[in-house]
Amino acid sequence: MNENQTEVVREFVLAGFSQTPAIEAALFVLFLFFYVTTWVCNVLIMLTVASDNCLNSSPMYFLLGNLSFLDLCYSTVTTPKLLADFLENEKRIMYDQCIVQLFFLHFVGAAEMFLLTVMAYDRYVAICRPLHYTTVMSRRLCCFLVAASWMGGFVHSIVQTILTIHLPFCGPNQVDNFFCDVPPVIKLACVDTFVIELLMVSNSGLLSTSSFVVLISSYATILVKIRSKEGRQKALSTCASHLMVVTLFFGPCIFIYARPFSTFSVDKLVSVLYNVVTPMLNPLIYTLRNKNVKSAMQKLWDRSGLTRKIQET
């Protein structure tokens with residue numbers, strides 16, 4: 001294979017969801033609603049945590065604020081391009097832009113996986129070692145764990161990106177998804193990608209599966225260590241929101257990455273779930289099940305003066 005052939009493909013064509021204008025218009029409205037809701041909910045979580053001294057000093061809510069920021073970044077990697085493509089006849093993306101999107105998708109996604117693992121450890125310490133909680137989960141340790149999550153995501157993404165950019169692409173150039181991701185992109189390479197697929201499955205697939213197993217094991221350990229029925233119910237109530245977020249995020253990731261890169265008809269729907277829907281649902285799940293967050297939001301609303309202005313009008 002001539003090395004110059006790697007430069008033949010200058011752009012990719014994204015398959016998208018439909019070629020029917022009416023369907024595209026309806027999907028544009030739907031996904032715009034998802035994206036705006038994602039921004040409003042996650043920014044509200046971050047503002048609430050930052051403005052409330054009690055929440056801001058708590059390790060759990062400090063991590064929650066960082067999760068909301070990651071959700072914003074994760075959704076922004078793919079959704080703006082998706083919305084723009086709904087308004088275009090040809091859904092094209094330049095090769096360099098595709099690689100950048102792929103890099104940030106795995107960078108932020110892996111960072112969120114690591115952060116969710118940190119949040120599970122936080123819940124373990126809070127429930128199983130409550131007297132030592134503030135000492136163990138100090139702000140310094142929390143900042144270190146958040147930084148380590150970002151660094152882990154960066155290392156993971158660099159590996160994925162380097163393996164991808166060294167592949168030659170000389171046509172065809174249609175990516176069977178609405179964004180650039182490793183599985184649909186490397187299938188377009190002009191060489192046998194079996195070994196590369198194994199390396200990437202062992203990277204992304206092992207990362208998502210092992211993180212999910214660790215998370216579930218940690219929550220199971222919490223429940224087993226609590227002897228009283230009342231205490232176990234309280235712990236389950238506390239961990240329920242975390243378990244819902246973990247399942248929504250890791251389930252689709254394991255389905256996509258922990259198998260050989262064969263195509264299934266539901267791949268696009270699964271991609272929508274963890275790229276668009278989950279970042280929107282995370283703040284709703286935490287808010288609806290958390291009295292402290294709802295109370296702090298009410299205080300933030302009252303301090304804004306909007307309530308008084310509405311009553312005056």
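Remember, it's a predicted structure, so these values are computed and weren't measured experimentally.

(A) Main features of the overall build of the protein. What the protein contains, in helices and strands, is 12 helices and 3 strands. Whereas a compact globule of 313 residues would reach a radius of gyration of roughly 20 Å, the protein reaches 22 Å, a difference of no more than 12%. With the C-alpha coordinates aligned to their principal axes, the bounding extent of the protein is approximately 65 × 55 × 35 Å. Split into buried and exposed, the 313 residues of the protein put 48% on the buried side. For the protein, the proportion of contacts with a sequence separation of at least 24, taken over those separated by at least 6, is 79%. For the protein, the accessible area works out to roughly 15500 Å², and carbon and sulfur atoms hold 66% of it.

(B) Region of interest: the pattern of salt bridges. Inspection of the entire model under this criterion finds 6 salt bridges. The salt bridge involving Glu11 is made with Arg92; its shortest N-O contact spans 2.7 Å. Within this pair, whereas Glu11 is found in strand E1 (residues 11-14), its partner Arg92 is found in strand E2 (residues 92-94), the two being separated by 81 residues in sequence. The partly exposed category is assigned to Glu11, whose relative accessible area is 24%. Taking relative accessible area as the criterion, Arg92 reaches 34% and is therefore assigned partly exposed. A salt bridge links Lys268 to Asp176, with the nearest nitrogen and oxygen atoms 3.9 Å apart.

(C) Representation of helix H8 (residues 194-225) within the structure. Look at H8: 44 Å from first C-alpha to last across 32 residues, which is about the 46 Å you get at 1.5 Å a residue. Maximal helix bending in H8 amounts to about 30 degrees, located at Leu206.

(D) Highlighting the confidence of the model for the protein. Per-residue pLDDT for the protein averages 85, and the proportion of residues at 70 or more is 93%. No element of the protein has a lower mean pLDDT than helix H12 (residues 306-312), at 55, and none a higher one than helix H6 (residues 139-165), at 94.

(E) Representation of the packing of helix H4 (residues 95-128) against H6. H6 packs onto H4 with a crossing angle of 145 degrees between their chain directions and a minimal axis gap of 7 Å. Handedness of the H4/H6 crossing: right-handed. Counted by class, the contact of H4 with H6 contains 16 nonpolar, 9 polar and no charged residues.

Conventions adopted
- Residues numbered from 1 in each chain as written.
- Predicted model: local features only at pLDDT ≥ 70, side-chain atom pairs only at ≥ 80, totals over all residues.
- Heavy atoms only, no water.
- Helix = DSSP H or I, 4+ residues; strand = E, 2+ residues; numbered from the N terminus.
- Rg over C-alpha atoms; globule rule 2.2 N^0.38 Å.
- Buried < 20%, exposed > 50% of the residue type's maximum accessible area, 1.4 Å probe, protein only.
- Contact = heavy atoms within 4.5 Å.
- Areas by Shrake-Rupley, 256 points an atom, 1.4 Å probe, with all protein chains shown as cover.
- Salt bridge = Lys/Arg side-chain N within 4 Å of Asp/Glu carboxyl O.
- Expected span 1.5 Å × (residues − 1).
- Bend = angle between axes of the 7 residues up to and from the residue.
- pLDDT = per-residue confidence, 0-100.
- Axes fitted to C-alpha atoms, helices over the stretch in contact; angles between N-to-C directions.
- Left-handed = near helix turned anticlockwise from the far one by under 90°.
- Nonpolar A, V, L, I, M, F, W, Y, C, P; charged D, E, K, R; others polar.

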